[in-house]
Amino acid sequence: MTAEKPTRQSTRLEAFTDAAFAFSLTLLVIAGDKVPTSFDEFILALKSIPAFIASAALLLMFWYSHMRWSQRYCLCDMPTILLTSALVCTVLVFVYPLKIVFGSLFHWLSGGFFQLPMTGIGLQAINSLFVIYAVGFIAMCSWQALLYQHALRKAAHLQLDDVEQLEARLERNSLVLQAIPAWLSLLYLWLVPAQYGPFSGFLYSLLGIMMPWYGIKANRLLANAQQGKSA
């Protein structure tokens, strides 16, 4: 016998979340832009592609995380609605600094070849953008971590066994871990002189080390738990 799940309501909530993420991807393409009316404008628009790809990849990472959570637990109670609504609101606000930060990064790395998403961006504005970006990143990780924590609180209702509960804890901890570079970025921006502020963005490269290490550790823990269950 399996726990009864509110599949119909969950489907509507998932559709709402999917629509919000899809709309955010649309904003990445059209926000602040116009349809090219000349070949030069078309080439200029193409130069925003790297920033779009990087921004879209990050949004899709959060979307995929929420999709996995929804498919596993299919909850649609009030905490789920509130946390999902907070996630949707955050992503709709987060999309603007996300595009500007990545656009500025590729503009700087390419020596000005790629398009700058906004004109008149000074040092103070860049530092403020990184603060907004870090807060948005932390918020999105936090909402999804709280969703997994909520699923753990409902473990009896969902009839989660020990392995499934371990999996939920590992996913929650993964999201908490992902927010660490953003917290470090905020600390860095607070401590260092303003002229060094833009280098805070490179702290997110720590994810390339932290997450593979955590993935290996998590897979090992799950494999051991599954072996113990089948023994």
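Quick note: structure is the one above.
Summarised in this report is the structure supplied together with it.

### A word on the nonpolar core
- In terms of nonpolar packing, the biggest core is built from 29 residues, with Leu58, Phe94, Tyr133 and Phe137 touching the most fellow members.
- Among the secondary structure elements, those contributing two or more residues to this core are helix H1 (7–30), helix H3 (49–73), helix H4 (78–109), helix H5 (123–153) and helix H8 (180–191).
- Among residues more than four places away in sequence, those in contact with Phe137 are Leu58, Phe62, Phe94, Gln178, Ala179, Ala182, Tyr204 and Leu207.
- Formed by 14 residues, the second largest nonpolar core is a distinct cluster that contains Leu83, Tyr148, Ala151 and Leu160.

### Description of the packing of H3 against helix H7 (residues 162–178)
- In the contact formed by H3 and H7, the axes pass within 13 Å of each other and the chain directions differ by 160°. Relative to H7, H3 is oriented roughly antiparallel. When the axes of H3 and H7 are compared, the crossing they make is left-handed. In this structure, H3 contributes Met61, Ser65, Arg68, Arg72 and Tyr73 to the contact, and H7 contributes Glu164, Glu167, Ala168, Glu171, Leu175 and Gln178.
- Each residue belonging to the contact of H3 with H7 can be placed in one class, and the counts come to four nonpolar, two polar and five charged.

### Some words on the environment of Leu160
- As for its position among the elements, Leu160 is in the loop between helix H6 (155–158) and H7.
- Considered as a pair, Leu160 and Tyr73 are 87 residues apart in the sequence and their alpha carbons are 9.4 Å apart.
- Setting aside anything within four residues of it in sequence, one finds Leu160 in contact with Tyr73, Ala151, Ala155 and Gln165.

### Some remarks on unusual backbone geometry
- Phi at Cys74 is positive, roughly 50°, even though this residue is not glycine.
- Within the secondary structure layout, Cys74 lies in the loop between H3 and H4.
- Overall, Cys74 belongs to the buried group, its relative accessible area being 13%.
- For Gln159, which is not glycine, the phi torsion reads 55° and is therefore positive.
- Looking at where Gln159 falls in the secondary structure, it is placed in the loop between H6 and H7.
- By relative accessible area, Gln159 is classed as partly exposed at 43%.

### A look at the packing of aromatic side chains
- Applying the stated criterion across every chain yields a total of nine aromatic pairs.
- Grouped by ring-pair contacts, the aromatic residues Phe62, Phe94, Phe102, Tyr133, Phe137 and Tyr204 constitute a single cluster.

Cut-off values and rules
- Residues numbered from 1 in each chain as written.
- Predicted model: local features only at pLDDT ≥ 70, side-chain atom pairs only at ≥ 80, totals over all residues.
- Heavy atoms only, no water.
- Core = buried A, V, L, I, M, F, W, Y, C linked by side-chain atoms within 4.5 Å.
- Buried < 20%, exposed > 50% of the residue type's maximum accessible area, 1.4 Å probe, protein only.
- Helix = DSSP H or I, 4+ residues; strand = E, 2+ residues; numbered from the N terminus.
- Contact = heavy atoms within 4.5 Å.
- Axes fitted to C-alpha atoms, helices over the stretch in contact; angles between N-to-C directions.
- Parallel < 35°, antiparallel > 145°, perpendicular 65-115°, else oblique.
- Left-handed = near helix turned anticlockwise from the far one by under 90°.
- Nonpolar A, V, L, I, M, F, W, Y, C, P; charged D, E, K, R; others polar.
- Phe/Tyr/Trp six-rings, centres within 6.5 Å; stacked < 30°, edge-to-face > 60°.

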